[in-house]
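The residues making up each chain are set out below.
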Amino acid sequence: MKANNLNKNIIQSILKKAIQCMQENPEREIRNLVDIGVMFAKGHFQKQFFLAAEKELAKENSRYYKLVTQSVRKTDKEVLLSFGINLGYNSLTYGANTIRGFERQSGFHVPWVLYIQLSDNGCLDTGALDSLILQGEKIGIYSYILIIQTEFSKAEELGNLIKSHKDCAFMLLAGPDWEAAHIDVLQKLNNLFVGVDISSHGREEIMGAVNRLRKAKILCGAFCPRTEKAPFDMEKAALETASYECELIFVLDEHSFFTENQEQIKKTLYDMRFRLTAPAIPFDLMADTVVIDRNISSEGCLALVSENGRFHVTDMETGKRNDDYSIMDTDLETILSRTLPKQPGP
């Protein structure tokens, strides 16, 4: 990572000042941040995002003012600064440029984010995870989504690992019971976003976890797995999210590591975000991952490492899937070169 990058230092200084001033005049500072985002945006996705935000914030009574203000006031300023820089600059600017250059040179695709499942039942330990992240950083991957679906007792080790990769942005998705039990670990991490599973626990337990996270000033939102058992209602999930006093809802398919009906999901999300009829901002993790990936690499892919180290990859252009390799015995570049080769141009 280039520690003295001028643009990064400028953006970091502006963002730090804006977060500090947010308490006094949140609406003005939110507009200023979006204007700065438009100025510094690189790549189609960033420009499209900030221009759309600029258009939405032109509305005097936009719900985004209230949602952003609530989130900022409930979160530690250093966490907002570190996570924002790591995701917005390190991953989606510096990392994206690194990925583009590496892909041109290597001839294979590189995902901008890796999904990683963690469990005491698997053999993927923090040593193997550390090695994977180091390999990822070298080729431009600075975002990691950690999923805890069953028992995982190595919270302290995981916290130390996240802290050691200070330039990366991490998202942790887990049940409210796990998160509430490890507040002391989570509140030490400035580069982490916590997603609270609101699908399979009682309301009192969920609300208790959210309150504890908020009290500790941890950056957090709601998370909801999507199953095959019943049609998923994003509007309903957003309303439920708001009832837990969360501003963001993230949805993730748990039955298939593949996004079907991509254009329809994209349209639904766009409509919901910019109509914002429910007082929470919705994200479909896989669909949004693919949209960003296509803006970085032109073709989209999804990559997940299971609790046993098995590397699952899906080429979203062809639908081809591969899980022949494991990070426990094969390095990341070799896996990507064999599973995601670029197709020769016309």
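Attention here is on the structure that accompanies the text. (Residues numbered from 1 in each chain as written. Predicted model: local features only at pLDDT ≥ 70, side-chain atom pairs only at ≥ 80, totals over all residues. Heavy atoms only, no water.)

### Quick look at the nonpolar core
Across soluble globular proteins, nonpolar side chains have a tendency to be buried as a group. Counting 113 residues, the largest nonpolar core has Tyr-115, Ile-116, Leu-118, Leu-158 and Phe-311 as its most contacted members. The greatest single-element share of this core, amounting to 11 residues, is contributed by helix α5 (residues 77-106). Contact partners of Phe-311, with chain neighbours within four places excluded, come to Leu-114, Ala-303, Leu-304, Val-305, Asn-322, Asp-323, Tyr-325, Ser-326, Ile-327, Leu-332, Ile-335 and Leu-336. (Core = buried A, V, L, I, M, F, W, Y, C linked by side-chain atoms within 4.5 Å. Buried < 20%, exposed > 50% of the residue type's maximum accessible area, 1.4 Å probe, protein only. Helix = DSSP H or I, 4+ residues; strand = E, 2+ residues; numbered from the N terminus. Contact = heavy atoms within 4.5 Å.)

### Overview of the sheet that holds strand β3 (residues 169-174)
The sheet built from 10 strands is open, its strands ordered β7-β6-β5-β4-β3-β2-β1-β8-β9-β10 with mixed pairing. Among the strands making up the open sheet, the edge pair consists of β7 (281-284) and β10 (321-326). Across the sheet, the axes of successive neighbouring strands diverge by a mean angle of 25°, strand direction being ignored. For strand β2 (residues 143-148) and β3, the ladder comprises 5 bridges, and the chain directions are parallel. Note on β3: the bridge partner recorded for Ile-147 is Leu-173. Each of β2, β3 and β4 (192-197) is contacted by α5, which is oriented at about 110° to β3, the strand it contacts most. (Pairing = 2+ DSSP bridges. Axes fitted to C-alpha atoms, helices over the stretch in contact; angles between N-to-C directions.)

### Observations regarding the packing of helix α6 (residues 126-138) against helix α7 (residues 155-164)
Running from amino to carboxyl end, α6 crosses α7 at an angle of 15°, the nearest separation of the two axes being 10 Å. By the criterion of interaxial angle, the relationship of α6 to α7 is roughly parallel. As for the relative orientation of α6 and α7, their crossing is right-handed in sense. Across the interface between the two elements, Thr-126, Leu-129, Asp-130 and Ile-133 of α6 pack against Glu-157, Leu-158, Leu-161 and Ser-164 of α7. For the contact of α6 with α7, the residue count by class is 4 nonpolar, 2 polar and 2 charged. (Parallel < 35°, antiparallel > 145°, perpendicular 65-115°, else oblique. Left-handed = near helix turned anticlockwise from the far one by under 90°. Nonpolar A, V, L, I, M, F, W, Y, C, P; charged D, E, K, R; others polar.)

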